[in-house]
Every structure is written in structure tokens, then in C-alpha cells.
Amino acid sequence: MFDIWIGDIELTTAVLIFSIIVLLPVQLLLCFKVKRKIIRSLPIILLTIPTLIFMIMAAATQGWDSLGYLFLAIFTGFMMLICGVAWSIWAITKHKQRKKYANLGLSNRSK
């Protein structure tokens, strides 16, 4: 994607692998197992802060440094997108469960 290397590791591939293998399952686990919304949204909150900081730094600096900050903002933004995918999977699953219970004439609230 961006062909950015840190030593022998391509940063784009590392971010993609980390997002799919670590971040997506962790966010799904939080969505399905944790009741409190603030704890469920902790990965989004923790990724929003560096994304905003990197965007501000990209706007505040000039030259090649701003491009580096922009790439970091894109990477953290991509990780936020993966968290959004996990939230979407959770919402679709909950919607289907609710629909299934409604078709059976049962209430999902009794759980």
C-alpha cells in the first residue's frame, strides 16, 4: 500500500496483520462479552487519540515529517475501521438474534 519499512518489517503489512489477527478478535470479544459500553468502546477511544494527534501533527509540521504523520494517522484510522467492522458484525448478529426471538414469540430480554 504505502511501502514503508522499519528495518526488515513492512509497516503496512504489520498494521494489517495486527488489525486482523489481534484487534478484530479482541473487539469482537469485548462486544459480545462485556456489558458496559465504555469498556466495549475502549479500543476506539484509545485509537482515536493518536489518530487525532497524528492529524494535528501532520497539519502543524512541514516537509516530509508531515507525510510521516499523515501515514501514521492513516494506519491508526485503519485500525479504527477494523474496530468498526467488529461492531458491525456484533450489531448484525444481535439483530438476527432479536429477529429470531421475535419470530418464535419469545423475548430476548429474559436472558
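Residues numbered from 1 in each chain as written. Predicted model: local features only at pLDDT ≥ 70, side-chain atom pairs only at ≥ 80, totals over all residues. Heavy atoms only, no water.

A. Up close: the overall build of the chain. A tally of helices and strands in the chain yields four helices and two strands. Against the compact-globule benchmark of 13 Å for 111 residues, the chain has a radius of gyration of 18 Å, which places it well outside the compact range. Summarising its shape, the C-alpha atoms of the chain cover approximately 65 × 30 × 20 Å along the three principal directions. Restricting to contacts in the chain with at least 6 residues of sequence separation, those with at least 24 account for 63%. Of the charged side chains in the chain, 12 are positive and 4 negative; the average position of the first set lies 42 Å away from that of the second. (Helix = DSSP H or I, 4+ residues; strand = E, 2+ residues; numbered from the N terminus. Rg over C-alpha atoms; globule rule 2.2 N^0.38 Å. Contact = heavy atoms within 4.5 Å. Lys, Arg positive; Asp, Glu negative; His and termini not counted. Charge placed at Lys NZ, Arg CZ, Asp CG, Glu CD.)

B. The arrangement of a nonpolar patch on the surface in detail. On the surface, L16, I17, F18, I20, I21, V22 and V26 cluster together into a nonpolar patch covering about 590 Å² of accessible area. Along the chain, V22 turns up in helix α1 (residues 11-33). (Patch = residues over 30% accessible without salt bridge, like charges linked within 9 Å, V, L, I, M, F, W, Y side chains within 5 Å. Areas by Shrake-Rupley, 256 points an atom, 1.4 Å probe, with all protein chains shown as cover. Salt bridge = Lys/Arg side-chain N within 4 Å of Asp/Glu carboxyl O.)

C. Summary view of helix α4 (residues 64-104). Taking 1.5 Å as the rise per residue, α4 with 41 residues should run 60 Å; its terminal C-alpha atoms sit 60 Å apart, in good agreement. For α4, the complete set of buried residues consists of S66, F71, A73, F75, T76, M79, I82, C83, A86, W90 and Y101. At the exit of α4 stands G105, carrying a positive phi of roughly 80 degrees. (Expected span 1.5 Å × (residues − 1). Buried < 20%, exposed > 50% of the residue type's maximum accessible area, 1.4 Å probe, protein only.)

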